[in-house]
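# Structure at a glance
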Amino acid sequence: MLGVGPFGPRGPEAQPVGGGRDAHSLRTRPGAPFRSSEVETLAEERQAWVVLATVDGVGERTLAHLVATHGTARRVLWLAARGRLGRGLASEPERRRGVLAAATLAGIEAAAQDPGARLAALAAAAVWTVTLLDADYPARLQTLLVPPPVLFGQGDPRALDAPRAVAIVGTRRASPAGRFEASRAAAGLAARGVTVVSGLAIGIDGAAHAAALEAGGTTLAAIGAGHARPGPAAHRALVRRILERGAVIGELPPAARASRGTYPRRNRLIVALADAVLVVEAPARSGALITAHLAMEQGVPLYVVPGRATSELSAGCRALLDEGSGHAFGGARELCRELGWEDTSVDVGQSGGGAVVDPAGCLTCDPAAAVFSSDAARDGFAGLTGTGPGAACRVAAGGPRHDAAVLPALSMPEREVARIVARGPITMDQLLDATRASPGELAATLTLLQLRGLVRSMGPLYLPAGRLLLTAP
Amino acid sequence: MLATLITAVVDGLEGALVRVEVDVAPGLPVCQIVGLPDAALSEARERVRGAIRNSGFLYPQQRITVNLAPAGRRKHGAAYDVAIAVGILVASGQVAASGGDWALLGELSLSGAVHPVAGVLPMVHTLARAGARRVGVPAANAAEAALVDGLEIEPLLGLDDAARLVAGPRGRRAAKATRAAFVAVSGTFDERAAGAALVGSDPPVDLADVRGQAAARWGLEVALAGGHSLLLVGPPGAGKTLLARTIPGLLPPLDEREALEVTVIASVAGLLGPGDGLRRARPFRAPHHTASYPALVGGGPRLAPGEVSLAHTGVLFLDELAEFDRDVLEALRQPLEEGSVVIARAQGSLRFPAQVQLVAAMNPCRCGYHGDPERACTCPPGEPERYVRRISGPLLDRLDLRVEMPRVRPADLLLGPDPEPSAAAAVRIASARERAQSRNGGRLNARLAGREAVELCRLAPSARELLAVVAARRSLSARGVHRILRVARTIADLADREAVLEADLLAAADLRDPAAALRPELAA
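To start, this report covers the structure provided alongside it. Quick caveat, the model's predicted, so the values are computed rather than measured.

Rules used throughout
Residues numbered from 1 in each chain as written. Chains lettered and ligands numbered in written order. Predicted model: local features only at pLDDT ≥ 70, side-chain atom pairs only at ≥ 80, totals over all residues. Heavy atoms only, no water. Helix = DSSP H or I, 4+ residues; strand = E, 2+ residues; numbered from the N terminus. Buried < 20%, exposed > 50% of the residue type's maximum accessible area, 1.4 Å probe, protein only. Contact = heavy atoms within 4.5 Å. Areas by Shrake-Rupley, 256 points an atom, 1.4 Å probe, with all protein chains shown as cover. Pairing = 2+ DSSP bridges. Patch = residues over 30% accessible without salt bridge, like charges linked within 9 Å, V, L, I, M, F, W, Y side chains within 5 Å. Salt bridge = Lys/Arg side-chain N within 4 Å of Asp/Glu carboxyl O. Phe/Tyr/Trp six-rings, centres within 6.5 Å; stacked < 30°, edge-to-face > 60°. Axes fitted to C-alpha atoms, helices over the stretch in contact; angles between N-to-C directions.

Another point: the overall build of chain A. Across its full length, chain A carries 18 helices and 12 strands. Within chain A, the fraction of its 473 residues that count as buried is 55%. Taking as baseline every contact in chain A between residues at least 6 positions apart, the subset at least 24 positions apart corresponds to 72%. Carbon and sulfur atoms make up 53% of the accessible area of chain A, which totals about 19500 Å².

Structure, rendered in structure tokens:
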């Protein structure tokens with residue numbers, strides 16, 4: 001490739017590929033038949049798109065403009081490698097708007113010197129790309145007025161084409177109640193095979209991603225930064241877990257840093273990737289409201305958790321409901337019904353059989369469970385083991401670990417406490433009032449429930465987690 | 001003529017002997033004090049002259065040289081005043097020393113009255129060991145001096161008392177000595193009452209006054225029963241400070257040995273009031289978060305004990321922990337670990353005891369409402385994590401228990417049964433401490449080494465496995481496992497049980513690891 005340029009000895013053809021003559025439309029007809037040489041050129045052209053997209057300052061407008069002006073991206077790079085890109089570039093009004101800043105031009109020229117290195121760096125960072133030239137460009141993003149020409153992603157690309165997806169968004173300053181609502185909605189949706197889409201921010205986004213994964217589901221994170229720093233440091237472990245079963249995608253190259261404008265742009269991806277948008281908690285001025293308005297613009301159904309009437313953190317949600325823009329959220333099951341999705345799952349606690357997973361460890365097949373069973377026999381921690389070893393555990397089959405209902409598997413005190421915690425965040429003092437147990441007894445019960453992954457603590461509060469999120473009324 | 005007297009000086013918590021030599025010789029009427037005196041000591045000249053004149057003696061119009069030996073040791077304070085004055089009287093022939101093994105301590109006022117000084121207890125102790133039989137101490141310090149066995153304490157009200165003590169029954173001149181009537185130009189005052197602080201001397205709170213917070217009350221009870229250090233986290237108004245102020249009423253009184261140590265430290269710090277004898281109450285010290293390094297740890301020009309030593313055998317309460325200076329908190333690590341403070345100086349190092357139980361309180365974030373069920377936190381995202389990180393990880397590691405306190409619901413303040421009073425909890429705490437100390441060789445559970453904690457818990461095999469599960473699920477370090485064992489031991493002691501059961505381990509595991517707050521991934 002070197003010496004004769006990246007596009008063969010004759011240089012790039014001056015013909016645009018896929019009929020993308022319109023400066024602001026890079027749309028192709030996916031799946032159009034190509035002859036083998038055309039396939040080869042198409043592969044080279046998509047690589048050229050990716051290389052251009054890795055340049056800081058090249059967004060979809062610049063890329064579209066460059067390709068429209070020069071015919072193909074390969075020709076853009078070919079010209080740039082020879083320092084001839086600057087000439088005859090933009091129309092007069094665009095030149096005046098400074099479409100191609102000097103720094104961007106320099107960046108393109110640098111990239112054009114060694115496009116292979118750019119591609120290798122992406123591969124080394126385990127970042128895959130999908131471009132508008134590809135047949136498998138996500139259909140959901142095609143609906144956007146200006147779809148991102150190149151999408152960077154990590155994890156499983158199939159998550160982009162999930163048949164059912166719901167976005168859950170909300171404030172970063174989430175209250176425990178808000179986190180609980182987000183977790184419960186995400187777990188309920190995930191248990192029904194719905195992919196949960198969110199933005200990887202702390203607060204509501206993080207709670208939604210984590211609960212979807214805990215419920216054994218898939219989750220998709222759209223980020224407003226590069227993949228080198230996909231989200232807040234506190235979410236590093238969460239990102240690792242998302243990549244195991246979902247994907248993290250964004251339209252910025254890996255090294256890009258987040259800035260003011262990048263998050264609203266990410267929000268349009270979140271909306272496009274989902275069949276419905278659920279706003280869990282949003283104060284009067286919140287980025288989540290931008291997402292809500294994008295959903296309205298794009299005709300995506302909008303659902304809203306009303307929140308407590310006095311909570312300032314739900315002021316934005318109430319405004320959405322007041323102006324009639326969103327529907328009140330009535331639980332994952334109702335949401336699925338309203339979207340016309342057949343319910344394949346049955347809520348835990350009502351009957352057996354359902355896509356319900358206890359990620360924190362199945363007590364019927366986990367070796368640790370044996371400990372509980374021996375305790376149970378001796379010290380009256382009766383019924384700690386659930387339905388007995390191997391009852392319905394399908395770990396080997398890759399399916400849900402077991403389908404036992406949660407509450408009947410627990411000891412009496414645990415069941416009592418679990419039932420109360422399932423209603424929402426609660427302090428130990430309130431639990432003491434409700435159960436009449438001593439603080440020591442209650443603390444022991446809460447530890448057991450935490451070990452089972454059914455309860456987690458956050459500050460002074462205990463919240464339902466794992467399967468307990470699915471037992472909601 | 002030359003007079004030599006014995007007195008003492010405080011060095012750390014120990015006394016040391018100092019010889020006062022006074023030479024009165026013909027020459028210009030000047031008085032010079034040599035032997036590394038500080039400013040207060042150099043000014044003794046003026047106090048001594050006034051005191052001598054106002055006690056009916058003559059101040060010799062001759063050259064007076066006062067040497068404090070050993071000359072190499074720095075000396076400070078006014079405790080030598082009486083000895084210097086008596087030395088001048090003896091050297092100028094106004095008082096005939098009758099001999100005998102006596103020593104003198106005390107500060108003089110111009111009127112000749114003797115004022116109390118700090119550190120009398122260790123100084124008298126040193127004098128007794130050196131063979132003194134009679135020691136004249138300021139009358140206000142007589143009670144603490146009397147704690148030292150085997151010698152006669154002479155309370156001194158004025159220089160005349162000291163002169164009589166030195167002259168013995170046959171000292172005729174001394175018998176004529178008088179004490180100047182205190183000319184009260186502005187009336188008389190009760191100096192002792194004036195010493196009572198207006199601020200910072202909040203009376204202890206009874207648990208009956210703390211409404212709600214049942215979980216935190218339990219956490220505090222476990223902490224005090226085992227000597228476990230405790231971190232209270234909660235928004236403003238949760239009652240963290242109020243709960244901490246119940247601690248003095250919950251701690252058992254000091255035993256004899258502890259009482260003497262505490263009294264010595266209080267004496268050196270000058271905290272013993274007039275007439276105060278042995279301290280019986282366990283110390284509870286609550287320094288403000290602006291406290292400086294020497295104030296907290298000890299040292300400074302006078303090498304005084306810091307708050308951490310003043311709280312020896314008791315509780316050091318640090319309110320608003322995150323607001324303390326980071327370096328000052330760092331300096332607490334070593335005392336918390338070793339139970340003593342070592343202050344190194346060029347002339348040598350000093351050791352103050354500092355076996356304290358640390359109780360700290362802090363807000364969860366800068367605005368205080370992070371994680372509050374009702375109120376929105378106004379901190380920018382990420383700020384709560386930064387706030388906790390102000391406290392260093394190693395210090396958080398020294399904290400055994402973390403209790404989260406929610407804001408009290410208004411209903412709890414008005415409704416519900418009356419909370420249990422302190423007296424009931426104090427009985428349980430005292431009996432649990434007794435049980436632990438008789439088993440642990442006098443130590444509380446918090447002071448058990450890791451291996452001892454394992455042995456003394458005598459866990460059943462199933463309980464061991466349970467602990468292994470807890471450790472695996474929470475990724476606990478060995479320190480974390482031992483922490484749970486010690487706390488579980490205390491929970492069993494509170495239940496008056498020798499066996500540590502699974503339920504105790506589980507309950508101990510719920511009293512969370514303060515260091516866990518530092519791991520943002522867990523908090524998120």
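Now that the structure has been shown, the text picks up again.
With that settled, the discussion passes to the overall build of chain B. The helix and strand tally for chain B stands at 24 helices and 18 strands. In chain B, buried positions account for 52% of the 524 residues. For chain B, long-range pairs separated by at least 24 residues make up 73% of all intrachain contacts whose partners lie at least 6 apart in sequence. Carbon and sulfur atoms make up 54% of the accessible area of chain B, which amounts to about 22400 Å² in all.

Residue and element names in this part refer to chain B. The strand order across the open sheet formed by 5 strands is β11-β14-β17-β10-β18, and the pairing between neighbours is parallel. Each edge of the open sheet carries a strand with a single partner, namely β11 (284-285) and β18 (401-404). Where β11 lies against strand β14 (residues 315-318), 2 bridges are found, and the strand directions are parallel. When the bridges of β14 are listed, R285 appears paired with L316.

A cluster of nonpolar residues, L413(B), L414(B) and L415(B), forms a patch on the protein surface that exposes about 360 Å² of accessible area. Secondary-structure assignment places L414(B) in helix α18 (residues 410-414).

This brings us to the side chain of T427(A). By the element assignment, T427(A) lies in strand β10 (residues 426-427). Take T427(A): its relative accessible area is 6%, and that puts it in the buried class. Setting aside its immediate chain neighbours within four residues, T427(A) contacts P460(A), L461(A) and P406(B).

Let us now look at the environment of G306(B). All names here are of chain B. Structurally, G306 is set in the loop between β13 (304-305) and α13 (307-310). C-alpha separation for the pair G306 and I265, spaced 41 residues apart in sequence, amounts to 9.7 Å. Discounting residues that sit within four places of it in the chain, G306 has contacts with P294, A295, L296, V297 and G298.

For the rest of this paragraph, the subject is the packing of aromatic side chains. Residues and elements named next belong to chain B. Under the defined criterion, the tally for this structure stands at 1 aromatic pair over all chains. Ring geometry for F284 and F317: centres 6.0 Å apart, planes at 20 degrees, overall stacked. Here F317 lies in strand β14 and F284 lies in strand β11, a separation of 33 residues in the sequence. Under the relative-accessibility criterion, F284 is labelled partly exposed at 22%. Looking at F317, the relative accessible area reads 3%, which means it is buried.

A separate point is the environment of R285(A). Residues and elements named next belong to chain A. Of note, R285 is situated in the loop between β7 (276-279) and α12 (287-298). What makes R285 exposed here is its relative accessible area of 78%. Spatially, the C-alpha atom of R285 lies 9.6 Å from that of L313, the residues being 28 residues apart in sequence.

Glancing now at the pairing of β14(B). Residues and elements named next belong to chain B. By the alternation rule, side chains of β14 split into V315 and F317 and L316 and L318, which are all buried. Examined bridge by bridge, β14 and strand β17 (residues 357-362) share 4 bridges and lie parallel to one another. Across the sheet, residue V315 finds its bridge partner in β17, namely Q357.

Another aspect to go through is the sheet that holds strand β3 (residues 31-34) of chain B. All names here are of chain B. Spatially, 4 strands are ordered β1-β2-β4-β3 in an open sheet, and the strand pairing comes out mixed. Of all the strands in the sheet, the pair left with one neighbour each is β1 (2-11) and β3. Adjacent strand axes in the sheet meet at a mean angle of 20 degrees when their direction is disregarded. Strand direction decides the pairing type here: β3 and strand β4 (residues 63-69), joined by 4 bridges, are parallel. Bridge assignment links I33 to a residue of β4, and that residue is V66.

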